[in-house]
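Descriptive analysis of the structure
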Amino acid sequence: MKPHEHAATFGSTNGELRLGGLPLSRLAARVGSTPFFAYDRGLLDQRVDRLRAVLPDRVELSFAMKANPMPAVVQHLARRVDRLDVASGLEMQTALDTSVGADRISFAGPGKTAAEIRQAVAAGILVEVESATEFRRVLAAGDDLGLEPTVAVRVNPDFAVKGSGMRMGGGPQQFGIDAELVPALLREYATAGADVLGFHVFAGSQNLDADILAEAQRRTVDVVSDLAEHLISPLRYLNLGGGFGIPYVERDRPLDLERVGATLLELVEGPIVERMPEARPVLELGRYLVGECGVYVTRVVDRKVSRGTTFLVVDGGMHHQLAASGNFGQAIRRNYPVTVGNRIDGAPGGAVTVVGCLCTPLDVLAKDVELPPADVDDLIVIFQAGAYGLTASPTAFLGHPAPPEILV
Ligand SMILES: *Cc1c(COP(=O)(O)O)cnc(C)c1O
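Residues numbered from 1 in each chain as written. Predicted model: local features only at pLDDT ≥ 70, side-chain atom pairs only at ≥ 80, totals over all residues. Heavy atoms only, no water.

Let's talk about the packing of aromatic side chains
The final tally for this structure, using the stated rule, is seven aromatic pairs. Centre to centre, the rings of phenylalanine 135 and tyrosine 189 are 3.1 Å apart; their planes meet at 10°, and the pair counts as stacked. Pair noted here: phenylalanine 135 is in helix α7 (residues 132-145) and tyrosine 189 is in helix α8 (residues 182-191), with a separation of 54 residues, a long-range link. The residues phenylalanine 135 and tyrosine 189 share a single accessibility class, namely buried. (Phe/Tyr/Trp six-rings, centres within 6.5 Å; stacked < 30°, edge-to-face > 60°. Helix = DSSP H or I, 4+ residues; strand = E, 2+ residues; numbered from the N terminus. Buried < 20%, exposed > 50% of the residue type's maximum accessible area, 1.4 Å probe, protein only.)

Digging into the pairing of strand β12 (residues 196-200)
With five of its five residues buried, β12 lies for the most part within the structure. Relative to β12, strand β9 (residues 151-156) runs parallel, the two being bridged by three bridges. Directly across from arginine 154, in β12, lies its bridge partner histidine 200. (Pairing = 2+ DSSP bridges.)

Examining the domain arrangement of the protein chain
Looking at the protein chain, the domain boundaries give domain 1 (3-39 + 292-407) and domain 2 (108-285). For domain 1 and domain 2, the distance between their C-alpha centroids amounts to 36 Å. With ten residues of domain 1 at the interface, the matching set in domain 2 holds seven residues. Interface area for domain 1 against domain 2, summed over the two sides, is near 800 Å², with a carbon-plus-sulfur share of 59%. Of all residues in domain 1, the largest losses of buried area upon contact with domain 2 belong to Glu292, Arg334 and Gln384, amounting jointly to 47% of the total for that side. (Domains from an automatic or database assignment. Contact = heavy atoms within 4.5 Å. Buried area = accessible area lost by both parts, 1.4 Å probe.)

Overview of the site of the ligand
Of all residues adjacent to the ligand, which total 14 residues, the nearest are Lys66, Ser205, Glu284, Arg287 and Tyr388. The side chain of glutamate 284 places a nitrogen or oxygen atom 2.6 Å from a nitrogen atom of the ligand. Arginine 287 is positioned such that a nitrogen or oxygen atom in its backbone is 2.8 Å from an oxygen atom of the ligand. A total of 380 Å² of accessible area belongs to the ligand in isolation, and the protein chains cover 95% of it. Those elements that place two or more of their residues in the shell around the ligand are β13 (204-207) and β15 (280-285). Its residues assigned to classes, the shell around the ligand comprises five nonpolar, five polar and four charged. (Near = heavy atom within 4 Å. Polar contact = N/O pair within 3.5 Å; in protein donor to acceptor, adjacent residues only side chain to side chain. Areas by Shrake-Rupley, 256 points an atom, 1.4 Å probe, with all protein chains shown as cover. Nonpolar A, V, L, I, M, F, W, Y, C, P; charged D, E, K, R; others polar.)

As for helix α1 (residues 3-10)
Inspection of α1 places His6, Ala7 and Phe10 among the buried residues, and these make up the whole buried set. Buried residues of α1, seen end-on, are gathered within an arc of 100° and therefore sit on one face of the element. In α1, those exposed residues whose orientation departs by more than 90 degrees from the buried face are His4 and Ala8. In this fold, the buried residues of α1 make contact with β1 (12-13), β2 (16-19), α3 (41-54) and β16 (294-306). Directly beyond the C-terminal end of α1, a positive phi value near 90° is found at glycine 11. (Arc of directions from axis to C-beta.)

Focus on the pattern of salt bridges
If you walk through the whole model with that rule in mind, you get 17 salt bridges. Its salt-bridge partner being arginine 52, residue aspartate 82 comes within 2.8 Å of it at the nearest N-O pair. Here aspartate 82, found in the loop between α4 (71-78) and β6 (83-86), pairs with arginine 52, found in helix α3; they are 30 residues apart in sequence, far enough to count as distant. The exposure class assigned to aspartate 82 is partly exposed, which follows from its relative accessible area of 22%. Bridged by salt links that share partners, the residues Glu60, Arg83, Arg104 and Arg280 form one connected network. (Salt bridge = Lys/Arg side-chain N within 4 Å of Asp/Glu carboxyl O.)

Focus on the environment of valine 31
Looking at where valine 31 falls in the secondary structure, it is placed in helix α2 (residues 24-31). Sequence spacing of valine 31 and isoleucine 406 is 375 residues, and the spatial spacing of their C-alpha atoms is 8.1 Å. Valine 31 has contacts with Phe36, Pro404 and Ile406, leaving out every residue within four places of it along the chain.

Following this line, the structure appears as structure tokens:
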């Protein structure tokens, strides 16, 4: 997808990108400083509506909060999705502040401490154990608090998924319990009287290929329905993961969501109802729900030419939006979609390189991009900044102030 296609999803007024009904320069004045992140609630709603329209009715939608834990975003989505997934103690607190019931919150991720697990058990949150140690901690917390913990097992499957930006299942992994070890562990837990609700498999993140996602879901259902036979009661929790990707670089094509929905329907109406009739399958999405709804806005503070290359130096950088600099999991640096937000209709003014204000050559936000002519005080907008932006960036590096985040 090209930058102007991204701009079109937000709309424009008199050559200015529009966000939350305001032209960008007015919004910047409202915020009072640059850089900042802005997330568009209308686009969040559209995304949820589209998922609901395409996914089988039986499928529940969970928001994986680590993609964007800003409390206002979480509160907004909490009223629209079925569940929340948290990966830390702080995310757990944010989730518990919403209207989503504790029994609809899951807690995943490696390295959960005994203290975090105790908090989750006390809250009544579903703990997805990633190791035998975590399971013991859940049982201990339950004993200590006199509560029956709700628990599921995150399974590291024996298959890997190609085409994911980040692989998180198959082979040796810090995530989940190896599938072949799960039956013996379930026997042990049954002896301890623990009622395991079900399983979670998350194969990888940022996948744009509907066929590969479908294949991962099929194999997940296979693995899980076999494991379900080792549970003491019927499986009630079936988390199929997600990993739906969004287009970042120009050659990326958006995910064919209809196709994903169609194959998921076959699974839901086939093996899932047949072998796990009490399960409501859960899709757990982070990036896909929020990534395209947000922008990172910075202001040009300098324009300089060095030996034939024009640099626009902006007041933000990789300390806020690490992924756009190519340093968050990308093998090869490619430009994220970028525009001059207060001149989006301008004719191309020649290739420029947009760099941040950090004193490191890593701080490149866009290299050799054709942009409308831009100078000091113009607003550079980086699209696809709604997921893994601010909280996935090294904000303390060089000690600049943290940028505001707004929901508009
Ligand atoms: C990170 C994560 C997600 C969200 O992944 P996206 O690719 O952003 O959708 C979902 N589930 C788990 C367990 C995760 O760790």
